[in-house]
Amino acid sequence: MAATRAKPQTREIFATMEYGPVPESHACALAWLDTQDRNLGFYVNGKWLKPEHRHSVPCQDPTTGEHLATCLQAKAEDVVEAVEAAKSAFENWSSLPGARRAQHLTRLAKMIQKHQRLLWTLESLVTGRAVREVRDRDVPMAQQLLQYYAGQAYTQERALASWEPVGVIGLILPPTFSFLEMMWRICPALAVGCTVVALVPPGSPTPLLLAQLAGELGSFPGILNVLSGPASLGPELAAQHGIQKVAFCGSVEGGLRLLVQESVWDETMRRLQARMKQLRCGRGLDGAVDMGTRGAGAYAQAQRYVHEAQSQGAQVFQAGDVPTNSPFFPPTLVFDLPPAAPCAQAEVPWPLVVASPFRTAKEALAVANGTPRGGSASVWSERLGQALELGYRLQLGTVWINAHGLSDPAVPTGGCKESGSSWHGGPDGFYEYLRPSAIPARVSYFSSSLNYDTFGLAVPSFLPAGPEVGPSPAPPYGLFVGGRFQAPGARSSRPIQDPSGSLQSYVAEGGAKDIRGAVEAAHQATPSWVGQSPAARAALLWALAAALERKAATLARMLERQGAEPRAAQAEVQLSVERLRTWGASQAQGHTLQAAGMRGPVLCLREPLGVLAIICPDEWPLLAFVSLLATALAHGNTLVMVPSGTWPLPALEVCQEMVTLFPAGLVNVVTGDRDHLTRCLALHQDVQALWYFGSAQGSQFVERASAGNFKSVWVNGGCSRAWDQEAEGAGPEFRIRAARTKALWLPMGD
C-alpha cells in the first residue's frame, strides 16, 4: 500500500504558520446553473430567451476544465429584439421621478446582498479569480455603487434640471471583464433614466445572473438586457438606430510596470522577489490563495510576453515551482529590459511585473508620461512633497500617493491617451449618460455607404496662389500657424464668395503638411500655457475681447457681406465679445477636495485635454469660432482650428489680433477643404481631442478615425446649433467637454 502523508500537527502549523486550504463550496452556483438545465440563453425584457438554431460555447472552470454549462451565442435578430425591449422600457423608466428610480436601485442593492454568496461563488468559479477578491471587494462595491447612484437619482430633478437621459445604452464588454466593471457602467446609466443592452463574451454567466436579479424585482422589465455573443456582434449593436450611446472597455486587468530609483533598486528587487515567493497560487474558490488563473488565453499571452522580453535582453524571475501542464502562470518579474525594446512600451499582461530603474524624479516622470497608456498609477516615497508633485504632473486618470487600488463610488475614475476618455464614478460618471435638455435628441447618422478609405481624400480643384481672375477685393489670407500668417505648403489658395457669387477674398488651401506644422506648434506652446494661472488665461481672453470690441465695425461689415442683416451682424459681434469675457471671468478650474471615508481625501483636478482640434460650423462664422476658442483656452488647451468653410474671413480677422496678444502656437488656424482637413486631424496621432461641427458623414468619419489613438471626440452628428442661445453656445456641456478629471488620492495617517 502506498504511504500517505500524515496531516500536520497543531504544533507544526503554529511553528511554520503555513496556510491551509479554505475551499469555498460552489454548490449554490451549480444549483443556479441547474435551474437553467445547464443551458444559458439571453435575458431580455425580464425573461430568459433560448431561441433555436444558435451556436453554443462551453462554460468551463478554468482551473479544472470541468464543464459547467453551455452558453448560446446571439445573432443579429437577438440584438434587434433586445434593443426594442430597451427602447420600450426607456419610455416608462426615463419618465419616472428620480425618487422612484432611486427606490428601485436600492431594492436591487438589497437583492444583490441577499444573493451575494451566489454572485461571488459564480464569478470566481467561471473566471478563476481569487474568491476573497470578489467577495471582499467586487460584491460590496457593487452594492455601494447602487446605493450611491440611488442617492444621486433622488436629487436629479434639482441638481440636474437642465439635463436628460441620452436613451438606450449599448454596453460591449471584453473577454477579460469583471462583474464590477459592468456595475461601474450600468449603475449611473440606470440612475439617470437610461436603459441598457449589454453584450458580454460567451461563457460569462454572472451578467446574466445580475440581469435575472434585476428582472425578478418586477415593475420595470427591459431596463437591463444581457446578450452573450462573439465580438463580431459589437458593430451590429452599435449600428442599431435605437442605440444612442455605446460604452465599451478593453482589457481591465493587466500586469504592473514598476519604476524604482537606483539608490534603492537592489534592496527593492530583493524584497520584491522574496514577497513573490510567498504568493499562493491555486483554485480561485480556495479562500487562502492570492492568485487564481485566467484561462488558457491569459496564460499564452503572459508566456508570449516573457519569451519576447527574454529575446530582447531582459532578465526574468519566476516565483514558485509550477508544473508545465498547470493552468497557473507563476508570478513573474521582468527586469533589465532595454528602454528601446518593444516590450518596454507594450502592455504588460497579468501576472507580470516589469521593473526599470531611474535616477531622478524628472526622468521617472518622462518615462511614465512617455507610455501610450494613461490609466492609473501609484507614487511611493518618504518625501511627501516630491510624491505629490509627481502625482500632479503624471498624465493619468487616477494617482494614489503611498497607496494603490483604492476606489470609491463618489470619486471619478477614468483615463487619457490609449486608456480611453470615458469616466465612471462620481458626477463625471453621471454626465456620461446625460445630454443637455436644450439640445435636440441625437438622430442616428450612421451610413453604411460611407467609405472611410476615401473620405476627405478628393480635394476640390484649387487656384494657384494669388489672383488669376482679376484683383481680389481684399488681401489674401495665409495660414495662421505658430503665431504668424504664412503661405500654405501647397502654395495654393481658394476663392471666397458672398451669397451672390461675387469674389470677396482668397484664403490659403491648407493640407496635411500644414496640419502637421500646426499640431507641432500647438505642442510647443502647451507646457507654458498649461503652467499659466487661471487669472493669466483670463487676462488674455479679456484682452482679445477688448480688441474685438475696437474692431466691431469691421467685423460687422464682414458679416453683412456674407448676407447678415446689419442689426444681426452687430449682435453677433457683441455676443462674441461677451463670450470671451464670460469665459475669462470663470477663472475657477473646478478643482474639488472630497473625502473618501477612511481612505483619506481625494483631490479631483480638472486638467486640460492637451492639443485640441476644432472644426467649426459654417453657420455663425464669428460667434461659433469665438465661443469654441474661448471655452478651450479657458481650460488650458492649445488649439488647431478649422474655421467656417463658407465664410472664414471673420475668424482670420480675429487672428490678426492674436499675432500680438497670444503666445506663438497657442491658437493655430488652418483654412481649406473641410473634409480633407478633418481627415488629417482625425488620423493625426498627436491630437489629443477633436470637436467636429459639420456634416453627418463627417461626424461618422471622425468617430471612426479618432479611435486610432483614442481621442476624446465631440461631434454634432450633422445637427445645427443655435449658437446665440446660452444653453447651446456656452452651456455647462462646454465646460465638461473642455477638460478631464484626474483623481489624486492623498495619504492619511502613519
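All values reported here derive from a predicted model rather than from experimental measurement.

Peer 1: Just to check I follow, could you spell out the overall build of the chain for this structure?
Peer 2: Scanning the chain from N- to C-terminus turns up 25 helices and 32 strands. Along the first, second and third principal axes, the C-alpha set of the chain runs to 110 × 65 × 45 Å. Going through the 750 residues of the chain one by one, you find that 52% of them count as buried. Sequence-distant contacts in the chain: of pairs separated by 6 or more residues, those separated by 24 or more amount to 75%. Of the accessible surface of the chain, which amounts to about 33000 Å², a share of 53% is contributed by carbon and sulfur atoms. Here the chain carries 63 positive and 64 negative side-chain charges, and the mean point of each set is 3 Å from the other.

Peer 1: Would you take a moment to explain the nonpolar core for this structure?
Peer 2: Residues M182, M183 and L224 are the most contacted members of the largest nonpolar core, which totals 74 residues. Ranked by residue count, the leading element in this core is helix α8 (residues 179-192), at eleven residues. Other than its neighbours up to four places away in sequence, M182 contacts L171, L173, A198, P207, L210, L224 and V226. In this structure, Y477, W529, A545 and L639 belong to the second largest nonpolar core, which totals 56 residues.

Peer 1: Help me out: how do you make sense of helix α3 (residues 76-95) in this one?
Peer 2: Three or four residues apart is the spacing at which side chains of an α-helix point the same way, because the helix has 3.6 residues per turn. Helix length check: α3, at 20 residues, gives a terminal C-alpha distance of 29 Å against a target of 28 Å (1.5 Å per residue), a fit within 8%. Maximum bend of α3: about 35°, positioned at A89. Buried residues of α3: D78, V79, A82, V83, A85, A86, A89, F90 and W93, and no others.

Peer 1: Is there a simple way to think about the state of the cysteines in this case?
Peer 2: Think of a disulfide as a covalent bridge from one cysteine sulfur atom to another cysteine sulfur atom. Using the criterion set out here, one finds zero disulfides in the structure. No disulfide involves C71; its sulfur sits 4.8 Å from that of C59, the nearest cysteine. On the accessibility criterion, C71 (1% relative accessible area) is buried.

Peer 1: Please explain the sheet that holds strand β1 (residues 39-40) as it appears in this structure.
Peer 2: Strand pairing in a sheet is mediated by backbone hydrogen bonds. Such pairs are either parallel or antiparallel. Strand order in this open sheet of three strands is β1-β5-β4, and the pairing throughout is mixed. Sheet topology places β1 and β4 (56-60) at the edges, where each strand pairs with a single neighbour. Note that β4 and strand β5 (residues 67-72) share five bridges and pair antiparallel. Each bridged residue has a counterpart across the sheet, and for V57 the counterpart in β5 is C71.

Peer 1: How should I be thinking about the pattern of salt bridges in this particular structure?
Peer 2: Side-chain pairs of opposite charge can arise where the charged atoms are in close proximity. Inspection of the entire model under this criterion finds 31 salt bridges. Across the salt bridge formed by D136 and R135, the nearest N and O atoms sit 3.0 Å from each other. Under the relative-accessibility criterion, R135 is labelled partly exposed at 25%. Here E733 makes a salt bridge to R721, at a shortest N to O gap of 3.1 Å. Separated by twelve residues along the polypeptide, E733 in helix α25 (residues 732-737) and R721 in the loop between β31 (712-715) and α24 (726-729) bring together distant segments of the chain. Across this residue pair, the class does not change: E733 and R721 are buried. When salt bridges with common partners are traced through the structure, they connect E123, R129, E133, R137 and D138 into a single cluster.

Peer 1: Sorry, what's going on with the sheet that holds strand β14 (residues 352-358) here?
Peer 2: Strand order across the open sheet formed by four strands is β11-β14-β13-β12, with mixed pairing between neighbours. Looking at which strands have only one partner, the edges of the open sheet turn out to be β11 (256-261) and β12 (315-318). Ignoring which end each strand starts from, the neighbouring axes of this sheet average 25° apart. Pairing of strand β13 (residues 332-335) with β14, which is carried by three bridges, proceeds in the parallel orientation. Considered in β14, the bridge of T332 is made with L352. Strands β11, β12, β13 and β14 of the sheet are contacted by helix α11 (residues 265-277), whose axis makes an angle of about 160° with β13. Strand contacts of helix α12 (residues 295-311): β11, β12, β13 and β14, with the helix running at about 30° to β14, the strand carrying the most contacts.

Peer 1: Just to check I follow, could you spell out unusual backbone geometry for this structure?
Peer 2: Here the amide bond leading from W350 into P351 is cis, since omega sits at 0°, within 30 degrees of zero. Along the chain, P351 turns up in the loop between β13 and β14. Positive phi values are uncommon outside glycine, yet H53 reaches one of about 60°. Structurally, H53 is set in the loop between β3 (47-49) and β4. Its identity as a non-glycine residue notwithstanding, D336 has a phi of 60°, on the positive side. The exposure class assigned to D336 is partly exposed, which follows from its relative accessible area of 44%.

Peer 1: Is there a simple way to think about the packing of aromatic side chains in this case?
Peer 2: The geometry of an aromatic ring pair is captured by two quantities: the separation of the ring centres and the angle between the planes. Across all of its chains, the model carries 15 aromatic pairs by this definition. With centroids separated by 5.3 Å and ring planes inclined at 75°, the aromatic side chains of F693 and W714 adopt a geometry described as edge-to-face. Residue F693 is found in the loop between β30 (689-692) and α23 (696-705), and its partner W714 is found in strand β31; the two are separated by 21 residues along the sequence. This pair shows no difference in class: F693 is buried, exactly as W714 is. With a centroid separation of 6.1 Å and 70° between ring planes, the pair formed by W723 and F734 is classed as edge-to-face. Residue W723 is found in the loop between β31 and α24, and its partner F734 is found in helix α25; the two are separated by eleven residues along the sequence. Residues W723 and F734 agree in their burial class; the two are buried.

So, how was this worked out
Residues numbered from 1 in each chain as written. Predicted model: local features only at pLDDT ≥ 70, side-chain atom pairs only at ≥ 80, totals over all residues. Heavy atoms only, no water. Helix = DSSP H or I, 4+ residues; strand = E, 2+ residues; numbered from the N terminus. Buried < 20%, exposed > 50% of the residue type's maximum accessible area, 1.4 Å probe, protein only. Contact = heavy atoms within 4.5 Å. Areas by Shrake-Rupley, 256 points an atom, 1.4 Å probe, with all protein chains shown as cover. Lys, Arg positive; Asp, Glu negative; His and termini not counted. Charge placed at Lys NZ, Arg CZ, Asp CG, Glu CD. Core = buried A, V, L, I, M, F, W, Y, C linked by side-chain atoms within 4.5 Å. Expected span 1.5 Å × (residues − 1). Bend = angle between axes of the 7 residues up to and from the residue. Disulfide = S-S within 2.5 Å. Pairing = 2+ DSSP bridges. Salt bridge = Lys/Arg side-chain N within 4 Å of Asp/Glu carboxyl O. Axes fitted to C-alpha atoms, helices over the stretch in contact; angles between N-to-C directions. Phe/Tyr/Trp six-rings, centres within 6.5 Å; stacked < 30°, edge-to-face > 60°.

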